[in-house]
Amino acid sequence: MATDYDSPRKTDDDLNEDSLQELQARRADKAASIIDEDLDAGEVAELPGADLSNEELTFKVVPRQADEFTCSRCFLVHHRSQLAEERKGQPICRECAA
């Protein structure tokens, strides 16, 4: 959460003067901003207040380069510097070998 350090600080007296309505509004705002992270497979997480229906995700797919390999355990493409070993002729990255 961003903090404006130039704004005037509230004293203890100011904090005690907050009205019940203000406190309830703050609680409602915090509750609305909570995101449920317990999603089942296939569900899509939506951010509160975010309408991304007209947005497109585009990216360029680049084929594996000559100095890269695909780990036989995690199936991720890594740079050759991440090659830990080869077992039965299959490359294994450092993370999977650990």
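The coordinates are above.
Nothing here was measured: the structure is a model prediction, and the numbers come from that model.

A. Local environment of the pairing of strand β3 (residues 83-87). Sheet topology places β3 next to strand β4 (residues 90-93); four bridges connect them, and they run antiparallel. Counterpart to Glu 85 in the pairing with β4 is Ile 92. Hairpin connection, β3 to β4: the antiparallel pair is bridged by two residues, and Lys 88 has positive phi, about 55°.

B. Molecular detail of unusual backbone geometry. For Phe 75, which is not a glycine, the phi torsion comes out positive at approximately 65°. Summarising the element assignment, Phe 75 is placed in the loop between β1 (68-70) and β2 (77-79). What makes Phe 75 exposed here is its relative accessible area of 62%. Phi is positive for Lys 88, close to 55°, though the residue is something other than glycine. With respect to the secondary-structure elements, Lys 88 resides in the loop between β3 and β4.

C. Highlighting a nonpolar patch on the surface. On the surface, a nonpolar cluster with roughly 420 Å² of combined accessible area is contributed by Leu 57, Phe 59 and Val 61. Judged by relative accessible area, which is 67%, Val 61 ranks as exposed.

Conventions adopted
- Residues numbered from 1 in each chain as written.
- Predicted model: local features only at pLDDT ≥ 70, side-chain atom pairs only at ≥ 80, totals over all residues.
- Heavy atoms only, no water.
- Pairing = 2+ DSSP bridges.
- Helix = DSSP H or I, 4+ residues; strand = E, 2+ residues; numbered from the N terminus.
- Buried < 20%, exposed > 50% of the residue type's maximum accessible area, 1.4 Å probe, protein only.
- Patch = residues over 30% accessible without salt bridge, like charges linked within 9 Å, V, L, I, M, F, W, Y side chains within 5 Å.
- Areas by Shrake-Rupley, 256 points an atom, 1.4 Å probe, with all protein chains shown as cover.
- Salt bridge = Lys/Arg side-chain N within 4 Å of Asp/Glu carboxyl O.

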